[in-house]
Structures are given as C-alpha cells and as structure tokens.
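# Geometric and topological summary
The lines below spell out each chain.
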2 protein chains.
Amino acid sequence: MIESDELLSIRAAELYYEEDKTQDEIGSILTLTRWKVGRLLAQAKASGFVRIEIVHPRARRLPVERRLRETCGLTDAIVVSTAGVDDQDELQARTAQAAADYLASLRPAPRTLGISWGRTLDDVARHLQDGWAGGVDVVQINGGVSLNRRAGTAASTAVTIAQKAGGHATLLPSPAILERLETKRAIESDRAVAAVLDLASGADAYLFSAGAADAGSVLVDSGYLTADDIAALVRAGAVGDVVGRYVDGSGAIVDPRLDERTVGLSLESLRAAQLSIAVIAGSAKHAVASAVVRSGLCTVLVTDEDTALHLIENHPAVPDSKGQRGTE
Amino acid sequence: MIESDELLSIRAAELYYEEDKTQDEIGSILTLTRWKVGRLLAQAKASGFVRIEIVHPRARRLPVERRLRETCGLTDAIVVSTAGVDDQDELQARTAQAAADYLASLRPAPRTLGISWGRTLDDVARHLQDGWAGGVDVVQINGGVSLNRRAGTAASTAVTIAQKAGGHATLLPSPAILERLETKRAIESDRAVAAVLDLASGADAYLFSAGAADAGSVLVDSGYLTADDIAALVRAGAVGDVVGRYVDGSGAIVDPRLDERTVGLSLESLRAAQLSIAVIAGSAKHAVASAVVRSGLCTVLVTDEDTALHLIENHPAVPDSKGQRGTE
DNA sequence: CGTGCGGCTGCTCATATGAGCAAAGATCGC
DNA sequence: GCGATCTTTGCTCATATGAGCAGCCGCACG
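Rules used throughout
Residues numbered from 1 in each chain as written. Chains lettered and ligands numbered in written order. Predicted model: local features only at pLDDT ≥ 70, side-chain atom pairs only at ≥ 80, totals over all residues. Heavy atoms only, no water. Helix = DSSP H or I, 4+ residues; strand = E, 2+ residues; numbered from the N terminus. Salt bridge = Lys/Arg side-chain N within 4 Å of Asp/Glu carboxyl O. Buried < 20%, exposed > 50% of the residue type's maximum accessible area, 1.4 Å probe, protein only. Expected span 1.5 Å × (residues − 1). Arc of directions from axis to C-beta.

Another aspect to go through is unusual backbone geometry. In the segment running from Arg107(A) into Pro108(A), the intervening peptide bond is cis, with an omega of -5 degrees. Looking at the secondary structure, you find Pro108(A) in the loop between helix H5 (88-105) and strand E3 (112-115). Positive phi is not limited to glycine here, since Asp20(A) has a value of about 55 degrees. By the secondary structure assignment, Asp20(A) is in the loop between helix H1 (3-18) and helix H2 (23-30). Backbone geometry at Thr31(B) places phi at a positive 50 degrees, although glycine is not the residue there. Considering the arrangement of structural elements, one finds Thr31(B) in the loop between helix H2 (23-30) and helix H3 (34-46).

Between side chains of opposite charge, a pair can form as their charged atoms come close. Overall, the coordinates contain 32 salt bridges over all chains when judged by the stated rule. Among the salt bridges present, the one from Arg180(A) reaches Glu182(A), with a minimum N-O distance of 3.1 Å. Accessibility expressed as a relative area gives 45% for Glu182(A), which makes it partly exposed. A salt bridge links Arg60(B) to Glu65(B); its shortest N-O distance comes to 2.8 Å. The buried category is assigned to Glu65(B), whose relative accessible area is 3%. Connected through salt bridges with shared partners, the residues Glu18(A), Arg61(B) and Glu305(B) form a single ionic network.

Residue and element names in this part refer to chain B. With 13 residues, H3 extends 18 Å between its outermost C-alpha atoms, agreeing within 8% with the 18 Å of an ideal straight helix rising 1.5 Å per residue. Those residues of H3 lying buried are Val37, Leu40, Leu41 and Ala44. In an axial view of H3, the angular spread of the buried residues amounts to 100 degrees, which keeps them on one side of the axis. Along H3, exposed side chains directed more than 90 degrees from the buried face belong to Trp35, Arg39 and Ala46. One or two steps after H3, the chain reaches glycine 48, where phi turns positive at roughly 80 degrees.

Have a look at this one:
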C-alpha cells in the first residue's frame, strides 16, 4: 500500500467507525468515490489498523479457539478473553465460568461425568447453574483430599456439580497418594474403591484440571507432598500434575514409583476417553497445559487467551503420543 | 438489559465481528430472528462491549475532538490517539505530526504565521512536508534562545517552517527574558525589534506550544531561569509557560515583574487572535494545557488523547482556588 | 512506436443491514 | 380480573455495502 493510501484509509476508518458516517459521505468529505472508500476501509481492516475487541467478562476469542483446535488437534476449544484482566484469580474465575457454560451446553448431556478436584474444579462447580442438566451422575476419578481442614472440598465439588444437575455424586473413598505401594494395592482392591474406579473408567465424559509444579499445589497444601518432593519432581522434569499424577513436558509420568502409589484413573484411560475436558488457566500453568494438550490428555480444552496463544506458538514440537490416536 | 440478553449479545458480537458471520447466519446459529440479532448487536455496541479502535501513529480521535471542541469552546481540536504509546517522546512526535498536518491543511493558508519556539515547535517544523504551503512568512513572536550551545534552535525552527513553505522567516533579535526592566524597554523600542513585534502582532495565525513549570523547561535549559526561579514560580501558582510567560491555573500571569522583562507578544494579543493554534502534548503538561484552554489563549488545540480527556473532565470546574490556596 | 499485461477505477447487481411500524406480550394499577 | 400502557417482536421497505466485471491507464518489452 502506498503511504498516501495508508493515511487515507486511516482517515476513512476514523470517519466510518468513530463518526458513523456512511461510505458515501466519507467519499464526499475526502473527495473519493464511495467504492474507493470501501476499498480503503477493507485495506485498513486487512492491515490491522482497525482493531475490534469484545470487552466483557464472558467474552470468548473465537478465532483463537479455531487456531487452537486446528494446531493442536482438539475436538473443541474454549478460550476466554484476557482483555483488561490483571489478576490471576479473575482469569481463573472467567475460565471456570466458561467451562461451566460449556458443560451445560453439551448435547447430549453426559450421563456419567468423571471429575478430578482442586481449586479450579471447585470454581467450575460454583459457577454452574442450578439445573444445568437433568440428572448427571458425578464420579470422582482420583483420590480425595482428606488430610487436613481442607477435607471435604473434593467431596463438595463433586456433590455440588451433581446436585445442580439433579444427579448423584459418587466419591472415591481413598487418599490421593498412599505412603506404601502395598496399601495402595490393598485399597484399590477393596470392593468399595474398586467399584468407584470401575464406574469412573466408564464415564461418558471427564472434567479435570491440572496443577502447576510448585509449592502452591493443592497436593502440598493437603499434605500429600512436601515442597521438597515438588522440588525433586521439578528436577526430574515435572511441569505439573494431572489428576494427581506428575508429568513432564511431553505428558509422561515423571516418577513411576510415586505414580504407582497414586489412586485414581490412569492417564491412559483419560487419553482413551471420547470426551475429556481440561480446564486450565493462568500463566503459571502454561507448561502443564502444553503437556496436557501435546500428549492428548484432553479432547476439549477450556483456557484463557494468553495460555491459548502460548500453546499455539509452541505447538509444532513433540507429536509422539498424539500420533497413536491417529491424527493425519 | 436482562442478563440473558447481555450474554446473547456477546455471543452475537463474537460471531459477527470475529467470525464475519452475517446477522442471518448468527440468527440460525443462536436460533433467533435476524432482527433480534441486529438489535443485540446494537445493544452490544451501545453498552460498550464492542470496542473499535484505530491503531496507527497517525490515528486521530474524532469523537474526543468533538467533545473537546464543545466543552472547551474551541474552533477546532485535533486529538491524536494514545493507543499503545508508552513513552512521551513518541506522543510528542505524533502530536507534532498532527499539528504539521493541520497547519498544511489550513485553507486559506495564512500569509503570515507567528510562532514561538521550543522542543515541540521544533518537532512540528521537522514534520512539515516541503511545500506544505505556497509562500508563508514566519515571524517569531517571542525572544529567542541564545545563551548557550542550544543557540539557534529557535531560529532554525522558524527558518525551517518558512523554507518548507517557500517563504521568509523573520527572527526576533532579542533574548527571551532580560535581567533589567530598563534593558527590556530599550530593546523593545529598538527599531529592528519593534518592527518584528509589530509584524508579529499582525500575523494571520499563531502557532505556539507551552512548557510545564519544571526544571526541564527550555527556559532553564537556555539559562534564562534557574531551577530555583521555577520553584518560586510554582510556589506562586505557576503551572507552566506560554510564549515565555508563566501563568497560573487560570491563565493569569504569575509574576508581573518577571513578565515585564519578557520580550514578545503579550498574552492579550494572543487571546485576541482570530486563529491561534496551541500544540501541547504529554502528561506533564496537563495543567498548562488546562490553563491555556480555559483562559482562551488558543482557538485551536492540537494534543494527545490523555490530555484531551483530562481537559474535558476538568473543564466545567472553575479554574481553581486550588492553586491560590497553595499546594503543600 | 506499437502491443500486451497488470493494476486500478468506476460501474452493475445481489445482498446485508437499519429505520420504522403494526401487532403481540408483558406489566402495572385499579 | 381487566384494561391501559409500555415493551418486545416480526415484519416491509429503503439504504448501505460487497462481489464481480469491463474499461482505462501506465508500464515494460519487443
């Protein structure tokens, strides 16, 4: 575009978008035909001089969603706008809201929904509307938090989601991580636990989040792990946890021995699911989000714009476990 | 607007603006008639959820210009966009560019143009295009800088503007501020100086800027005033200088004794002019800009968006008792 | 100096959109 | 329970806009 045209297109855009003039009027102001004005306007848009933004806590970024879906091979992607959000809590709230909306909009609604627990999921539960579905049974897919005063949030998340959908919640009566492998094996074979795990593995859909590998993790908070444990995991390449299991950048289990002591659905089952919805927001979770998406842990991702852009930019790497699911 | 409609209007706006869908298509996606969609879109715009911004160094803010013109009773106002500008130099450059454009667009072009000098004006001169007018004579309206190595910028500003318009520059052969009143009277009555002042007072148009009342002022830089002088002026209520004369928030001369020793057009002459263009940019100059506009020193203001908004917000408020009461 | 080509211009025509209006609903007071 | 009033809805019609095309200009090349 020639410089003079560029300037004209800016003047035209000002008159069109800020003054609500018609292209014809602009034509007579700038002494141009109205077709020329139309072309200048088109140029202005194409060159990105005209920026249209939707500013609203519930606003989504449809073009980003599309790119995310395409570059990462997701069935669906929900990306909330970051515009004007300063703090991470707000971001998480918006994302949780979007996840709740998405869940409620699923047709057909899942009959059984497997969920993990954590701050994010709890937020999603709170944002769901009463009656968001008609009778959805909720099953926990990993061991609950129960070591300290926080006891009950895991349960309450599940119960809330189920109640609001007019269904039942089935809790997994087990700690998240056991100290000894034998205990873990024992509890897993207990009929009550086994039944829940069985139910969980047959769920129509899964909804889970992921935690960053830092000392603020709920697993540390709940007393299952210490800050030192986390540091060791990070040294071994951990970027975060998914349903209580720590993974590296490619989505592989970092510490198999720890993983064996962790009760819940395996990551393989999650990868094999028809519909698994990950809800991940915040800059601290970019790395885990990457691992989740790359390794095919979710078919649907609900996230914020910044995270989405991060994923899109860094995607080309590591196609491995994804390929097994057959994306050509 | 009801909550559900608000959300719908956001969804509609996303599809319309981000996905370029037609209102009809949106209608079938959201199961609404296309008229409803049109109304939702109108609501979204009206509620400010849709923000359209023109992002370009030469972009102006027409609606702000209008408000500025109306609330401050200006003949004309030029407001450059602040979008994405972090540093004040860039802001000043954009404003200077806009001033140059405005000057070049004046019809009829002034035959004689009175100008002040300073960093801003110099910037305007540099941004003017060669041949921006056909033969404009430029006259300095206040004493030049000549005490130190910066000597000549005042002259070069005038000469540049004149040259680019194919006209002559008439310099004011006098210091800006004299130490003794007698000297000032004497120099003023000198034929060469008097002739220039006379020419200046008869100019068709004036172009000037204003300085903030701080130690970074060109008057300090040039050695006419010391940082202490400025501090004293500020204590006396000064907010900045216009053509070398320090004014308070209401545009009144702060120190009449200093003012008497200042050579150049009086503020009254400037106020009486048919066309006087002030070019003022930057957050440091909000206060002077206010004084200039309130006291009718300019008929046209070229400024940046932030300054413009500041002026609009603080206009109705009477000049100020704040300055008089002193800021401790 | 002619000739062929690419880009720009101004047009026609189909389509998308906004204004305005009558009918249908909703809301309120009585 | 019943109008009266105000809002919302779906429409018609006029207008604004975008797609596509023929002619024109400038340019490079033979």
